[in-house]
Amino acid sequence: MSAETYRDAWGIPHLRADTPHELARAQGRVTARDRAWQLEVERHRAQGTSASFLGPEALSWDRLARRARLADTARRCFTALERKDPETAAWVRAYADGVNEGLTETGHPNPAPEFARTGLTPGRWDPWTPLGVWLATHILFAGFPAKLWREHISAHLGPEAVALFAADGPGTAGSNGWLVSGERTTTGHALIAGDPHRFIEEPGVYQQVHLSCPEFDVVGLAVPGVPGVAHFGHTGTVAWAITNAMADYQDLYRERLRRTGAGVEALGPDGTWHRAARHTERIDVAGEETVEVEIIETDRGPVIAGGPEGLDDGTPAALSLRYPPRVTEDLGFGALLPLLRARRVADVDRALDAWAEPVNVVQAADTEGGLLHRVAGRVPVRPAANGLRPVPAWEPGHEWTGWHTPPRAGLTDGVAVMANQRGPSAPLGVEFAPPHRADRITALLAGKEHWSATDMPTIHTDTHLGSATPLLTHLAALPPEAALVSEAAPSPEAAPVSEATPTPQAALASEATPTPQAAPVSEATPTPEATPTAAPPEAPPTPLTPEAAALRDRILAWDRRMDADSTGAAAYAAVRAAVVRGLAAHPVLAPASVPPAYPEVLLPWLALVPRVGHALEHLLRAEDLYGIDRAATVRAALEEVAASPPSGTWGDTHRLAPWRALPDTATAPGDEPGLSGDHDCVLCTSPVPGLTDRAARGPAARYVWDLADRANSRWVVPHGASGLPGSPHHHDQQPLWLDGELAPVVTDFDRLTKESDESDD
């Protein structure tokens, strides 16, 4: 039998075969041609062997992959899949066979320069490797290390600090997604649009693909290394898309371990010691000595940090990780073929009943008017304490006792919006994204009665910053410059200089005027809320220098749009960063900057400056912040920036920072493109305030699925279809991505260029 490969003008692969299995083989083969280096990196990450060619920088990840038993879990899940769903298992095997063919074929030599730089030869894929890639990609998606942060900050500031820093705060990944029903579109058929927010990798984390056989014809965004189209797809009659549900479905347990002559034992909740599985593995590290890792697994799960002797600094601790696929031997791959075969919303709904992880909010629509808005994935039933912090394994009451029924939701005014905020998945999570993106999307959709596919980029690229209010309010409360104060005051005696600042209550009262949350529709056009009214001071505060007063006034006149060409956005961001650094350096908070000696791969969740940066609006709004004089901190930050103000625009410093397994030594940070957007904008390009303006995270793709006519659908990725430097399709979509434009989705094979025929016998 044969498979055919076609390409469109953007080099996107369009594949046609006689059966789903032949099609999976062709998908694996073309992915190996286009993304060989990426596939090699992902295979090694799943196995915990990436340090063998990437060096010591990759060792911490490899330790986690080994200790968490990712490869072993993937093998178990594939074995279970063969037993329970042999058709899907054979389909996955066909994909892996195709990858191996593509990596070794001589007719399409692979010029990926990274292989030459590392001296690496592509390795062979096993049938379970796609499951390993999926698991390694998503093991940190639910953010279980945040439980370590909550415990850490509670130890320094008390349990009330958890809510302050949770801030409905930063997640490991997020997305925007909105479903517009036919009653709100120009065609009478639904539209689905959005953009997943992930680390921007090069090559990209999503692969545009068209898969066609007699059973189905689907376009969508595939995960390189995984067959089919899992997250975002359009079959012609039904389309679906996801956002991260921000659910909590992984638990950390504090273990009590002891060594015996026979190995290692763990104290269980029944009060007795139980034998733990134990063995050692060796990790090769390029340029360094091989490292030996002890692998321990208790009845709760694999130990990922510490051990019988504690952490690396001797602190007594051992943490085990319990995660659903390790328990159930199911990664949800049984949903993938039914999704491809779906014709109606009901088919998508049934397919998603088999979904495991990551836990997502799914929106779907079909050509007959069917609509779907639900959570998909497996979340364990257990006590609330498990979701907040590590819990003691030796105490009863922390066991998993079943699985939650995934919640469902409807539409409001003909639309459904999800941007990782508290929504249908609220009962399943702890921390969610702030409501700013969701509120803004809702407001923009409310501003127009009927929408078309071509209208959607105006939402994708909106740069209004809804979280700016608290800092702007503090700036507005600062006094004018010294000369103006002296003119307004009858005498120095009548208006003494004082460090007194507006009370938090007064500042909060000034924010009670319409805000993005209180009146989202009004955000579509500038309102007086864009320039906050200063809260009345209790006593005349210290006046600003003329330079600081001028900077303050310029920021207050700013339109709150984080546009790349905006000098106002640059000034605001500079002051915000200085405030974050000032708060993090305060003696009250600074001790929390030293985290426990957990594995390096977990430390980003414990970093103080990013936590302060993403929780800033809550820290500034709190009635009291442990006695910290926030007005003085804001004033000092303003003076600091005024003394050396940013000389350019937001895009001069807010530049893309893509992750590459091998750093590109030829590309300096200043060579990367400048970006519009910010963490809380709909155009979510995330800097880390106080640390860097560069954006490592952002829209990993954008899409619009049109249910009136799939040919009117649109999509784009940050780079291009090819992972090969020098290919005309390596970066050809980046100008579209930067400008907020989309490429057409082409599904008519007569409009495509045939590349090859392959025999699959």
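What you see is a predicted model, and the numbers here were worked out from it, not measured in a lab.

The next thing to look at is the overall build of the protein. The helix and strand inventory of the protein stands at 25 helices and 25 strands. Buried residues in the protein amount to 61% of all 761 residues. Across the protein, the fraction of contacts at a sequence separation of at least 24, relative to all contacts at a separation of at least 6, is 71%. Taken as a whole, the protein presents about 27,200 Å² of accessible surface, with 53% of it coming from carbon and sulfur. Charge-centre separation for the protein: the mean point of 65 positive side chains lies 5 Å from the mean point of 98 negative side chains.

Another point: the pairing of strand β22 (residues 702–706). Counting buried residues along β22, five of its five residues qualify, which places the element largely inside the surrounding structure. Of the two faces of β22, both are covered, the one formed by Arg702, Val704 and Asp706 as well as the one formed by Tyr703 and Trp705. Pairing geometry for strand β4 (residues 191–199) and β22, over four bridges, is antiparallel. Bridge pairing in β22 links Gly194 to Tyr703. Pairing analysis gives three bridges linking β22 to strand β23 (residues 714–716), with the strands arranged antiparallel. Each bridged residue has a counterpart across the sheet, and for Tyr703 the counterpart in β23 is Trp715.

Relative to each other, helix α4 (residues 70–84) and helix α5 (residues 86–104) sit at 130 degrees, their axes nearing to 5 Å. The angle between α4 and α5 places the two elements in the oblique class. Along the contact surface, α4 presents Phe78, Leu81, Glu82, Arg83 and Lys84, while α5 presents Pro86, Thr88, Ala89, Val92 and Arg93. When its residues are assigned to classes, the contact of α4 with α5 shows five nonpolar, one polar and four charged.

Before going further, it helps to spend a moment on the packing of α4 against helix α7 (residues 129–138). Relative to each other, α4 and α7 sit at 130 degrees, their axes nearing to 8 Å. Our classification of the angle between α4 and α7 gives oblique. Along this stretch, α4 crosses α7, giving a crossing that reads as right-handed. For the pair formed by α4 and α7, the contact residues are Leu70, Thr73, Ala74, Cys77 and Phe78 on the first element and Leu131, Gly132, Leu135 and Ala136 on the second.

Spatially, the four strands line up as an open sheet ordered β14-β15-β9-β18, and their pairing is mixed. Because the sheet does not close on itself, it has two edges, and the strands there are β14 (303–306) and β18 (391–392). In terms of strand pairing, β14 meets strand β15 (residues 318–322) through three bridges, oriented antiparallel. Within the sheet, the bridge partner assigned to Val303 lies in β15 and is Ser320.

A separate point is the nonpolar core. Grouped together as the largest cluster of nonpolar side chains are 201 residues, with contacts concentrated most on Phe165 and Leu475. Looking at this core, the element that brings in the most residues is helix α20 (residues 567–585), giving 11 residues. With residues up to four places along the chain from it excluded, the contact list for Leu475 reads Arg552, Ile555, Leu556, Val575, Val634 and Leu638. Ranked by size, the runner-up nonpolar core spans 11 residues in total, among them Phe141, Ala142, Tyr249 and Val375.

Most of strand β1 (residues 2–7) sits out of view: five of its six residues are buried. Note that β1 and strand β2 (residues 13–17) share five bridges and pair antiparallel. Paired with Thr5 across the two strands is Leu15, which belongs to β2. Taking the residues that link successive antiparallel strands as the turn, the β1-β2 hairpin has five residues, and the phi of Gly11 there is positive, at about 75 degrees.

Per-chain confidence: the protein averages 91 in pLDDT, with 90% of residues scoring 70 or above. Here residues 483–539 is modelled with pLDDT under 50, and outside its nearest four sequence neighbours on either side it reaches 81 contacts, counting other chains as well.

Glancing now at the packing of aromatic side chains. Aromatic rings in a pair are described by how distant their centres are and how their planes are angled relative to each other. Taken as a whole and judged by the stated rule, the model has 12 aromatic pairs. Each ring, one from Trp134 and one from Trp355, has its centre 6.0 Å from the other, and the planes form 80 degrees; the classification is edge-to-face. Highlighted residues: Trp134 in helix α7 and Trp355 in the loop between α12 (345–352) and β16 (360–366), separated in sequence by 221 residues. Overall, the relative accessible area of 4% leaves Trp355 in the buried class. An angle of 25 degrees between the planes, with centres 4.8 Å apart, marks the rings of Trp558 and Tyr572 as stacked. Taken as a pair, Trp558 in the loop between α19 (546–556) and α20 and Tyr572 in helix α20 lie far apart in primary sequence, 14 residues in all. In terms of burial, Trp558 and Tyr572 fall into one category: buried. Grouping aromatic residues by their ring pairs yields a cluster made of Tyr206, Phe232, Tyr703, Trp705 and Trp715.

What follows covers the sheet that holds strand β13 (residues 291–297). Pairing between sheet strands relies on hydrogen bonds along the backbone, with the strands arranged either parallel or antiparallel. In spatial order, the strands read β10-β11-β12-β13; together these four strands make up an open sheet with antiparallel pairing. The open sheet has two edge strands, β10 (257–260) and β13, and neither has a second partner. Strand-to-strand twist in this sheet, taken as the mean axis angle between neighbours without regard to direction, amounts to 35 degrees. Both strand β11 (residues 263–267) and strand β12 (residues 273–283) contribute to a ladder of four bridges, which runs antiparallel. Bridging from a neighbouring strand, Glu265 pairs with Arg275 of β12. The sheet strands contacting helix α3 (residues 59–67) are β12 and β13, and the helix crosses β13 at an angle near 35 degrees.

Turning next to a negative patch on the surface. A cluster of like negative charges, contributed by Glu57, Glu288, Glu289 and Glu600, occupies part of the molecular surface. Within the fold, Glu57 resides in the loop between α2 (51–54) and α3.

Moving on to the environment of Gly102. Tracing the backbone shows Gly102 in helix α5. Accessibility expressed as a relative area gives 4% for Gly102, which makes it buried. Apart from residues lying up to four places away in sequence, Gly102 is in contact with Arg29 and Ala32.

Okay, helix α16 (residues 469–477) next. Within α16, nine of the nine residues are buried, which leaves the element mostly enclosed by the surrounding structure. Thr469, Pro470, Leu471, Leu472, Thr473, His474, Leu475, Ala476 and Ala477 are the residues of α16 that are buried.

Moving on, we get to the side chain of Arg198. Tracing the chain through its elements places Arg198 in strand β4. No salt bridge is formed by the buried Arg198; the nearest opposite charge belongs to Glu201, separated by 7.0 Å. Setting aside residues no more than four positions away along its own chain, Arg198 makes contact with Thr137, His138, Phe141, Val205, Tyr206, His231, Ala696, Arg697, Gly698 and Ala700.

Right, let's get into the pattern of salt bridges. Applying the stated criterion across every chain yields a total of 47 salt bridges. Among the salt bridges present, the one from Asp72 reaches Arg76, with a minimum N-O distance of 3.0 Å. Linking Asp72 with Arg76, this pair stays in helix α4, spanning four residues, or about one helical turn. Among the residues examined, Asp72 registers a relative accessible area of 18% and is labelled buried. Of the residues examined, Arg76 reaches a relative accessible area of 33% and is grouped as partly exposed. The partner of Lys448 in a salt bridge is Asp455, and the shortest N-O contact between them spans 2.9 Å. When salt bridges that share partners are traced, they join Arg66, Arg69, Asp72, Arg76, Glu281, Glu297 and Arg326 into one network.

Conventions adopted
Residues numbered from 1 in each chain as written. Predicted model: local features only at pLDDT ≥ 70, side-chain atom pairs only at ≥ 80, totals over all residues. Heavy atoms only, no water. Helix = DSSP H or I, 4+ residues; strand = E, 2+ residues; numbered from the N terminus. Buried < 20%, exposed > 50% of the residue type's maximum accessible area, 1.4 Å probe, protein only. Contact = heavy atoms within 4.5 Å. Areas by Shrake-Rupley, 256 points an atom, 1.4 Å probe, with all protein chains shown as cover. Lys, Arg positive; Asp, Glu negative; His and termini not counted. Charge placed at Lys NZ, Arg CZ, Asp CG, Glu CD. Pairing = 2+ DSSP bridges. Axes fitted to C-alpha atoms, helices over the stretch in contact; angles between N-to-C directions. Parallel < 35°, antiparallel > 145°, perpendicular 65-115°, else oblique. Nonpolar A, V, L, I, M, F, W, Y, C, P; charged D, E, K, R; others polar. Left-handed = near helix turned anticlockwise from the far one by under 90°. Core = buried A, V, L, I, M, F, W, Y, C linked by side-chain atoms within 4.5 Å. pLDDT = per-residue confidence, 0-100. Phe/Tyr/Trp six-rings, centres within 6.5 Å; stacked < 30°, edge-to-face > 60°. Patch = residues over 30% accessible without salt bridge, like charges linked within 9 Å, V, L, I, M, F, W, Y side chains within 5 Å. Salt bridge = Lys/Arg side-chain N within 4 Å of Asp/Glu carboxyl O.

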